[in-house]
Amino acid sequence: MVIAQVPEIHIHQSELLPESGLPDNRPTEQSAQQKASAIRAYLLSRGNSALADRGFHWLMVLCALSIFGIVVLIAFELMERSKLAWGAFGLDFFYKAYIDTFSGKPMYWDPVNSHFSALPFLYGTLVSSILALLLAVPLAIGVAVFLTEMCPGFLRAPLAFITELLAAIPSVIYGFWAVSALVPLMKVYVNPALIKTLGWTGLFADDNPTGLGFLTSGIILAIMILPIVSSLTREVMTAVPSSQREAVLALGATRWEMIRTGVLRNARIGIVGAIILGLGRALGETMAVAMVIGNSPQIQRSLLANGSTMSAVIANEFAEASSDLHLSALMELGLALFIVTIIVNAFARMLVWMVTRGTPSSVH
Amino acid sequence: MRAKIRTLIDGAATGLAVLATVLVVAPLVAIFVYLVYKGAVSLNWAFFTHNPVPVGETGGGMANAIVGSAILLGVGSLIGIPVGIAGGIFLAEFGRGTKLANAIRFTADVLNGVPSIVMGIAVYSLVVIPQGHFSAFSGGVALGIMMIPTVCRTTEEMLLMVPHAVREAALALGVPNWRSVLSITVRTASAGIITGCMLAFARVAGETAPLIFTAFGNVGWSEKLSEPIAALPLQIYVYALSPYDEWHRLAWAGALVLIVLIVLAVSLVRYVTSRGVLKGAS
């Protein structure tokens, strides 16, 4: 009688299957799993100590839902606290600057006269992050290509370990390293050389002898996002089925042609995702940037000039904000940063997912 | 001729990939060695046993910051680890394949990418403003919230490695589902879950941004949850930006302590996941 019940329970099995996406060409294992899951479903349906089970289930659901709760709570709190600045400046906060009536120069961030504009911080965040991407992305893809396609086996594990390790080193330690080693290096060698050779572009002006600035923070950001971009790129490249590689090689392609047409082209959506994820990291990175960007709210064409970023200004001024409006303006910057990083991360995760979730990739 | 060009391009591409790897790995290793070297020459016993001394005096240590960090991480773990593990249990045991679970997994990943400074100001407005002053408790809350997504996701991954047969064996013996989850499935994956927690712990141990306006820092000794408290990364930040060599030395020593913690956690995780004890049963 009991045995007769078992087949009916197959309805529930879809919930119990692991969704890791076993490839379809392994029917034997999968059907074994299905059979096993049906037994489990049958046993679950017997309602043994139903109350305790249900309570436990809901407790777990509650804890999982708390993750939603955290996101909503953060958004709500930041919106509440930034109302004051929003009321005072509205959307102007993000694109207009207050023009000083005496000097005729724009004043961006002026706690003394209670005028706040996010412009220089948006600019600084964008410039340092883009510099970081320009430096990190080609290198990261090169490393990923080497590790997945060319690397001798004995090197792979240690190199992967090193990347993982470097991704975990705290921001403040990178910042400390930058202050004591990178900044002097930039000051004495790199910046003078850039001014001499590329000074005519206007991007490297000779007016900041400190060695701090956009370029230095771009470099430290590049070092910090390299591990994550390269390990994610590696992940999506590994997800490309080897049949693709074999097919391209069988047509007589060289190894590079195989990588270009068989691997990179199939994994490109995921690679874009990895790059955007790196951008998300760079946008929100705080301590290291705050230590080397120079912290002055200005917009300068020169990459060697001092600047500031959204996260750096929050870190520097929040604890000693001079007025409620000042605090509120910083909260609004935080809210903007929160929204931007949420969007960037969600978009990037979706792109990476599309590749690693086994959507059929095709050769073009 | 054409074949020759293709071979040349192939060689050039290989060369570029190798060059990129060398360009990346060499400086990264150099940074790592530099950090360890600087820390090793700076570290001494007084670092662990003495409080900071005023500028101008030599000696002193970061005993207060180490205790402070331990207290902050203790509070953070009390919040982050149970909630994170429970969330992971839901994702792996109850919600597998449902839309809700996918949405939660996605949100956890996105939350992981939210800058820590944003967490800091959110907790400031949530805990510090109602409380009226900076406190160790608010710092612990900030760290705890940051631990949840990491713990949740690693727990899920570890639980997914537990073969179905183990669960079925438990259920077949008439064990209620909640006991089977807690004492069989979670127990089987416990090594992985513990190392996952350690990884989350090591990551937040180095977080500075969320502590600046929650725990705030303290030059003296404090163990009270309701008062501002010193923390290792905060102290490193302050000392690193100071112009005093003696303070730089202490900051290097502090950095080494954090790095050792991280190396331990990362190697443990690799060891546990590569050993494949969990897969062995299937």
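Calculation criteria
Residues numbered from 1 in each chain as written. Chains lettered and ligands numbered in written order. Predicted model: local features only at pLDDT ≥ 70, side-chain atom pairs only at ≥ 80, totals over all residues. Helix = DSSP H or I, 4+ residues; strand = E, 2+ residues; numbered from the N terminus. Buried ≥ 20, exposed ≤ 12 C-beta atoms within 10 Å, placed from the backbone. Contact = placed C-beta atoms within 7 Å.

Draft legend 1. Fine view of the overall build of chain B. Each helix and strand counted, chain B has 12 helices and 0 strands in total. Each helix and strand of chain B, ordered N terminal to C terminal, gives the series α-α-α-α-α-α-α-α-α-α-α-α. In terms of overall dimensions, chain B has a C-alpha envelope of 70 × 65 × 35 Å along the principal axes. Relative to its full complement of 282 residues, chain B shows a buried share of 54%. Of all intrachain contacts in chain B linking residues separated by at least 6 positions in sequence, the fraction that spans at least 24 positions is 74%.

Draft legend 2. Spatial organisation of helix α10 (residues 232-240) of chain B. Burial within α10(B) is extensive, with 8 of its 9 residues counted as buried. Among all positions of α10(B), only L232(B), P233(B), L234(B), Q235(B), I236(B), Y237(B), Y239(B) and A240(B) are buried.

Draft legend 3. Geometry of the environment of S82(A). Residues and elements named next belong to chain A. One can find S82 in the loop between α4 (50-81) and α5 (83-89). Judged by the 23 C-beta atoms lying within 10 Å of it, S82 is buried. Distance from S82 to M331, taken between C-alpha atoms, is 5.2 Å for residues 249 residues apart in sequence. Apart from the residues within four sequence positions on either side, S82 is in contact with S328, M331, E332 and L335.

Draft legend 4. Structural context of unusual backbone geometry. Residue and element names in this part refer to chain A. One non-glycine residue, S114, lies in positive phi territory at about 55 degrees. On the secondary structure map, S114 appears in the loop between β3 (109-110) and β4 (115-116). Accessibility expressed as a C-beta count within 10 Å gives 14 for S114, which makes it partly exposed. Phi at N295 takes a positive value of approximately 55 degrees, unusual for a residue other than glycine. Within the secondary structure, N295 is located in the loop between α13 (287-292) and α14 (310-317). A count of 19 C-beta atoms within 10 Å places N295 in the partly exposed class.

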